[in-house]
Amino acid sequence: INSVGLLEEKYFLNWEEMDWAHRAKRLGYDSFIVPQAKVWHKGAVSFENGRDGPLWNYYMWRNRMLWMERNFPLPERLTLYPHLLKPIYYQVKSLLNPWGTRENKVRSSAALRGLADYFLRRFGPAPPALICRSR
């Protein structure tokens, strides 16, 4: 912790441990898997509706972009960005689908808001309006 530092606060939730692990790797630390270890983790307990909820989608999209920015030089990121175009297209398509469910529209709206907030450099906790909509 003294050499790698603490978790980056900009993430707030999601991707902060990946960022920390990549910083450790750049400093020469190795990561190991201990197959005998047991961890009890309530998946996505920080998010109402888990991975199906809007908050999870918001943080996943925003923080994935931040993680790529912090851990890959621009030439490498430029090779990764095209792989995001198809998922972004599906989020827009879901949001604009007149026959889509409310849940899908809320989820897609949150994902696109996360993407927009990344480009607008808004980090930390999600906007209060998004938190209220997820409940």
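For the structure given in this document, a descriptive report is provided here. (Residues numbered from 1 in each chain as written. Predicted model: local features only at pLDDT ≥ 70, side-chain atom pairs only at ≥ 80, totals over all residues. Heavy atoms only, no water.)

Observations concerning the overall build of the protein
For the protein, the count of helices and strands is 6 helices and 0 strands. Walking the protein from its N terminus toward its C terminus, one meets helices and strands in the order α-α-α-α-α-α. The buried share among the 135 residues of the protein stands at 35%. Sequence separation of at least 24 residues holds for 64% of the intrachain contacts in the protein that already meet a minimum separation of 6. Surface accessibility of the protein: about 9400 Å² in total, with carbon and sulfur atoms responsible for 61%. (Helix = DSSP H or I, 4+ residues; strand = E, 2+ residues; numbered from the N terminus. Buried < 20%, exposed > 50% of the residue type's maximum accessible area, 1.4 Å probe, protein only. Contact = heavy atoms within 4.5 Å. Areas by Shrake-Rupley, 256 points an atom, 1.4 Å probe, with all protein chains shown as cover.)

Observations regarding helix α4 (residues 82-96)
Helix length check: α4, at 15 residues, gives a terminal C-alpha distance of 22 Å against a target of 21 Å (1.5 Å per residue), a fit within 8%. Those residues of α4 lying buried are Leu84, Gln91 and Ser94. Across the axial projection of α4, the buried residues extend over an arc of 85°, all falling on one side. Seen from the buried face of α4, the exposed residues on the opposite side, beyond 90 degrees, are Leu85, Lys86 and Leu96. (Expected span 1.5 Å × (residues − 1). Arc of directions from axis to C-beta.)

Digging into the environment of methionine 65
In this structure, methionine 65 sits in helix α2 (residues 54-71). Assessed through its relative accessible area of 3%, methionine 65 is described here as buried. When the C-alpha positions of methionine 65 and leucine 115 are compared, they lie 7.6 Å apart, and in sequence the two are 50 residues distant. Apart from residues no more than four positions distant in its own chain, methionine 65 is found in contact with Tyr81, Leu84, Leu115, Tyr118 and Phe119.

Section: unusual backbone geometry
Positive phi is not limited to glycine here, since phenylalanine 12 has a value of about 70°. Position of phenylalanine 12 relative to the elements: it lies in the segment before α1 (16-26). Phi at tryptophan 15 is positive, roughly 80°, even though this residue is not glycine. Note on placement: tryptophan 15 falls in the segment before α1. According to the relative accessible area criterion, tryptophan 15 is buried, its value standing at 17%.

Concerning the pattern of salt bridges
Scanning the entire structure with this criterion turns up 6 salt bridges. A salt bridge links aspartate 117 to arginine 122, with the nearest nitrogen and oxygen atoms 3.0 Å apart. (Salt bridge = Lys/Arg side-chain N within 4 Å of Asp/Glu carboxyl O.)

Re α2
Taking 1.5 Å per residue as the helical rise, α2 with its 18 residues ought to reach 26 Å, and the 26 Å between its terminal C-alpha atoms agrees with that figure. Among the 18 residues in α2, 16 count as buried, and that is most of the element.

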